[in-house]
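Listed here are the chains, written in short residue letters.
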Amino acid sequence: MLDLELLRSFVSVVDAGGFTRAGERVHRTQSTVSQQIRRLEEDLGQTLLNRDGRAVTPTEAGEREQAAGIGQQPLAEEARDVVARPGPDGAVKLGIPEDFAAYRLAKLLAAFSRAHPNLRLDVRADQSLNLKRDIERGELDLALLKRGVDDTRAAIAAWPEQVHWVTSKSHPVNLDSGSLPLIGFPLGCIYRTRAIHALESAGRAWHMAYTSSSLAAIQAAVAAGMGLSILSEMSVQSDHRVLTAREGFAPIDRTEVALVASPDASPATLRLADRLAEFCDKVQAKAA
């Protein structure tokens, strides 16, 4: 049987988002709460929390345990059963860039799930910087990510990208302004880095006018005329205008989309990798 006090402390940590605030709720010190969670994890044989600096978030097992402990405390036997309950025959954790998530890839993934009903597919759209970090940590099984062509990490396949400078079609940015306003993803995005490098190499002043982790928000900000951005071919919309080399904005080169798998990729992961490779081959052929 599980110690209900440990379970109560765990639920408090997840709700409060950290050990210190949880300790205040259950009237324990931060170190005591931390020790209680480790005891609970040892009892269950499962890691319940992702501990990343100050941020504390539940793992998948932790989410199940939290659900079991919300509201009235369940019987300890039930809480243990919830965590130990077997999932489907297998699982694949896939990471993709947001522009691929917004493209036709969702249909491919849905079809793959229907064709493999006993396989649990866990898809996360994020910045490539985070996807690369997570696959190196073993937190993802497979990832499509943007990177420079000089990246030496082994990949199943890689495809050169077509990336363009864009402005608003209806409200274009004044390209002769003293400081060009940039729109982009947060720090660490390869597009943002390449855009800044290109402008500085050309001796152009710039400033960040709009930063967002949402592709849709960036597309909307460009369309509204808030600034310039660089977007992949598939992300350029009808209310955007692609800037040309004649205007001083040559396409950004030396970036690619790479398909990377964990070293111990399962057969299901490799089957999905084959489907993604076929998809990217078709996208590349269409763009050529």
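Residues numbered from 1 in each chain as written. Predicted model: local features only at pLDDT ≥ 70, side-chain atom pairs only at ≥ 80, totals over all residues. Heavy atoms only, no water.

Caption draft 1: Expanded view of the packing of helix α2 (residues 19–26) against helix α3 (residues 30–44). At a minimum axis distance of 8 Å, the contact between α2 and α3 shows a crossing angle of 95°. Between α2 and α3, the interaxial angle falls into the category roughly perpendicular. Mapping the contact onto sequence places F19, T20, A22, G23 and V26 in α2 and Q30, V33, S34 and I37 in α3. Split by residue class, the contact of α2 with α3 holds five nonpolar, four polar and no charged. (Axes fitted to C-alpha atoms, helices over the stretch in contact; angles between N-to-C directions. Helix = DSSP H or I, 4+ residues; strand = E, 2+ residues; numbered from the N terminus. Parallel < 35°, antiparallel > 145°, perpendicular 65-115°, else oblique. Contact = heavy atoms within 4.5 Å. Nonpolar A, V, L, I, M, F, W, Y, C, P; charged D, E, K, R; others polar.)

Caption draft 2: The arrangement of the side chain of K146 in detail. Along the chain, the position of K146 falls in strand β5 (residues 142–148). Relative accessible area serves as the criterion here: at 10%, K146 is assigned to the buried category. Engagement of the side chain of K146 in a polar contact is seen with the side chain of E161, the distance being 3.0 Å. Not counting residues up to four positions away in its chain, the partners in contact with K146 are P97, D99, F100, S128, E161, I190, Y191, S232, E256 and V257. (Buried < 20%, exposed > 50% of the residue type's maximum accessible area, 1.4 Å probe, protein only. Polar contact = N/O pair within 3.5 Å; in protein donor to acceptor, adjacent residues only side chain to side chain.)

Caption draft 3: Spotlight on the packing of aromatic side chains. Enumeration over the complete set of coordinates arrives at two aromatic pairs. Ring geometry for W165 and F249: centres 5.2 Å apart, planes at 65°, overall edge-to-face. Linking W165 in strand β7 (residues 163–168) with F249 in the loop between β11 (240–242) and β12 (255–261), this pair joins segments that are 84 residues apart in sequence. (Phe/Tyr/Trp six-rings, centres within 6.5 Å; stacked < 30°, edge-to-face > 60°.)

Caption draft 4: Expanded view of the pattern of salt bridges. A complete count under the given rule lists nine salt bridges for this structure. Measuring nitrogen to oxygen at the nearest pair gives 2.6 Å for the salt bridge that ties K146 to D99. Here D99 lies in helix α6 (residues 98–101) and K146 lies in strand β5, a separation of 47 residues in the sequence. Considered together, K146 and D99 belong to a single accessibility category, that of buried residues. Notably, a salt bridge pairs R124 with D134, separated by 2.2 Å at the nearest N-O pair. (Salt bridge = Lys/Arg side-chain N within 4 Å of Asp/Glu carboxyl O.)

Caption draft 5: Local environment of α2. Listed in full, the buried residues belonging to α2 are F19, A22, G23 and V26. Along α2, the residues classed as buried sweep out an arc of 105° about the axis, all on the same side. Directly beyond the C-terminal end of α2, a positive phi value near 60° is found at H27. (Arc of directions from axis to C-beta.)

Caption draft 6: Quick look at the sheet that holds strand β10 (residues 229–232). Read from one edge of the open sheet, three strands run β10-β7-β11, paired in antiparallel fashion. The strands lining the two open edges of the sheet, one partner per strand, are β10 and β11. Each neighbouring strand pair of the sheet contributes to a mean axis angle of 50°, computed without reference to strand direction. One ladder, built from four bridges, connects β7 with β10; its direction is antiparallel. By the bridge assignment for β10, W165 is matched with I230. (Pairing = 2+ DSSP bridges.)

Caption draft 7: Spatial organisation of the pairing of β7. Extensive coverage of β7 is indicated by the burial of six of its six residues. Examined bridge by bridge, β7 and β11 share three bridges and lie antiparallel to one another. Looking at β11, one finds that V166 is bridged to V242.

Caption draft 8: Just the environment of E247, in detail. By secondary structure assignment, the location of E247 is in the loop between β11 and β12. Separated by 72 residues in sequence, E247 and L175 place their C-alpha atoms 8.4 Å apart. Non-local contacts of E247, meaning those with residues more than four positions away in its chain, are made with L175, R241 and V242. Separated by 3.2 Å, the side chains of E247 and R241 make a polar contact. Reaching out from E247, the side chain makes a polar contact with the backbone nitrogen of T244 at a distance of 2.9 Å.

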